[in-house]
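Each chain, written out:
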Amino acid sequence: MDLASISGAKVLMIGAGALGNEVAKDLVLSGFRKVTIVDMDHVVGSNLNRCLFFSREDARDKRMKAEVVAEGMLGLSAESRPNPIVGRIQDQPCRLFGDHNIVLGCLDNIEARIHANAHSYSAGRVYIDGGMEGFLGKVMVARPPKGACLQCGMNRTHAKVASLRFSCTGRDVVFHEPKLAAEITTTSIISAVMVREALKAVSGHPEMLLNNAFYYDGQRNSSEEMEIPLDSECPVHLCGRRATGKRKRFKST
Amino acid sequence: MSSTSGGFLPVRIKVKNAETGASVEMELEMENTIDEVIESAATFWSKDMGAYVLRKGKKVLRGGNSLKDAGLRADDVLELIPDPEGG
């Protein structure tokens, strides 16, 4: 690991919920310093059993998650330089992606994931996406300009639920699916894999990165890597081809 | 989805439910898409609304592909797995 590169890297972390809390903790304890945190929500009581940095007072005062996580990171390391941004990622300027070295998605809905994935790919930034549902977890690494992206692995079922939020609270949110989205032991594993991949990428070891997706099943105690073939009809790759004027069809790998 | 009309011979594919271990045999045509298989299997097991993917071995199958495009054959075993989207 290249500690100088790690401490100098600019990380964009999108989402400061259960996964965002764990990823933020792992980032700062791994030596990352410059972390921009984007989240639109405030803390609620039901976040507290799975979010390291949140307190009852934060929930009572409806403090914004991005700001509370930034304070928590400073509490772990006075050298850290967290930069909280309160708002939706879709409302942030596109240059935000290119201004950072790497992007980590800790999101709870497909629509925001699609946005983060597409903008990261367009900016040529490695995008590491984490997702959880109960004891199941997934980490996907998209490595532009080659290979599949997150959207390559999506299908019609993703389109149907794209605007829903898979909330772990079920309360105080506009849209939610009443699922057990966040379970702290799964969260710990998924966040650890995400940050480990970030460490490899920033240290200049792309050959060590996950190929496509890592699936974890806590009920079976199993994990495996799965291939997501590049989709020649994926909008992210179609747009990329139009932008570069290339008409050659991509081949699935 | 099964049909013998149009000269398309149906093939039997087994789909496993990763969450329960259950399996179902589906009679399909090679022109059926992976999206259709996912939705049929999810409906059969009364799955909650959510994102699912179908895999063969270690490869996630592309939703828009037909069974033929995906290189599937009779008696192949696929697995329906939830695509976790919570954070």
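All figures in this text were calculated on a predicted structure; none of them were measured in a lab.

**Student:** Can you explain the nonpolar core? Please cite residues and give values.
**Tutor:** Nonpolar side chains in soluble globular proteins tend to end up buried together. Residue and element names in this part refer to chain A. Core analysis: the biggest nonpolar cluster contains 92 residues, and Val11, Met13, Ile37, Leu104 and Ala198 have the highest contact counts within it. Here the element with the most residues in this core is helix α8 (residues 184-202); it accounts for nine residues. When residues no more than four places from it in sequence are discounted, the contact partners of Ile37 are Met13, Ala16, Ala24, Ala66, Val69, Ala70, Pro82, Asn83, Pro84 and Ile85.

**Student:** Can you tell me about α8(A), naming the residues and giving the values?
**Tutor:** The α-helix winds at 3.6 residues per turn, so residues separated by three or four positions along the chain end up facing the same way. Helix length check: α8(A), at 19 residues, gives a terminal C-alpha distance of 26 Å against a target of 27 Å (1.5 Å per residue), a fit within 8%. At the C-terminal side of α8(A), Gly204(A) shows a positive phi close to 80 degrees.

**Student:** Break down the sheet that holds strand β2 (residues 23-28) of chain B for me, with residues and values.
**Tutor:** Residue and element names in this part refer to chain B. As summarised here, the arrangement of the five strands in space is β2-β1-β5-β3-β4, forming an open sheet in which the pairing is mixed. Only two strands of the sheet have a single partner each, and these edge strands are β2 and β4 (59-60). One ladder, built from four bridges, connects strand β3 (residues 52-56) with strand β5 (residues 77-82); its direction is antiparallel. By the bridge assignment for β5, Tyr52 is matched with Pro82.

**Student:** Hey, could you go over the environment of His205(A) for me, with residue numbers and the actual values?
**Tutor:** Residues and elements named next belong to chain A. Secondary-structure assignment places His205 in the loop between α8 and β7 (212-217). What makes His205 exposed here is the crowd of 12 C-beta atoms within 10 Å. Considering only alpha carbons, one finds His205 and Ala18, 187 residues apart in sequence, at a separation of 28 Å.

**Student:** Break down the interface of chain A and chain B for me, with residues and values.
**Tutor:** Counting from both sides, the interface comprises 35 residues of chain A and, opposite them, 22 residues of chain B. Broken down by secondary-structure element, the contributors of at least two residues to the side of chain A that touches chain B are α2 (18-30), β5 (126-133), β6 (136-142), α7 (156-160) and β8 (222-226) of chain A. Considering each element in turn, the side of chain A that touches chain B owes the most residues, four residues, to β5(A). Here the residues of the side of chain A that touches chain B sort into 15 nonpolar, 10 polar and 10 charged.

**Student:** Which residues make up the confidence of the model for chain B, and what values go with them?
**Tutor:** All names here are of chain B. Scored by pLDDT, chain B comes out at a mean of 90, with 91% of its residues at no less than 70. Confidence drops under pLDDT 50 across residues 2-7; counting only partners more than four residues distant or on other chains, this segment forms six contacts. Both scores are available for the predicted complex, with the pTM at 0.89 and the ipTM at 0.87.

**Student:** Could you give an account of the sheet that holds strand β2 (residues 34-39) of chain A, naming the residues involved and the relevant values?
**Tutor:** Residues and elements named next belong to chain A. The eight strands lie next to each other as β3-β2-β1-β4-β5-β6-β7-β8, forming an open sheet whose pairing is mixed. Edge positions in the sheet fall to β3 (83-86) and β8, since each has one partner strand and no second. Across the sheet, the mean angle separating the axes of adjacent strands is 15 degrees when strand polarity is ignored. Alignment of strand β1 (residues 10-14) against β2, held across five bridges, turns out to be parallel. Bridge assignment links Leu12 to a residue of β2, and that residue is Thr36. This element, α8, spans β1, β4 (102-105), β5, β6 and β7 of the sheet and lies at about 175 degrees to β5.

Reading guide: rules and limits
- Residues numbered from 1 in each chain as written.
- Chains lettered and ligands numbered in written order.
- Predicted model: local features only at pLDDT ≥ 70, side-chain atom pairs only at ≥ 80, totals over all residues.
- Core = buried A, V, L, I, M, F, W, Y, C linked by C-beta atoms within 7 Å.
- Buried ≥ 20, exposed ≤ 12 C-beta atoms within 10 Å, placed from the backbone.
- Helix = DSSP H or I, 4+ residues; strand = E, 2+ residues; numbered from the N terminus.
- Contact = placed C-beta atoms within 7 Å.
- Expected span 1.5 Å × (residues − 1).
- Pairing = 2+ DSSP bridges.
- Nonpolar A, V, L, I, M, F, W, Y, C, P; charged D, E, K, R; others polar.
- pLDDT = per-residue confidence, 0-100.
- Axes fitted to C-alpha atoms, helices over the stretch in contact; angles between N-to-C directions.

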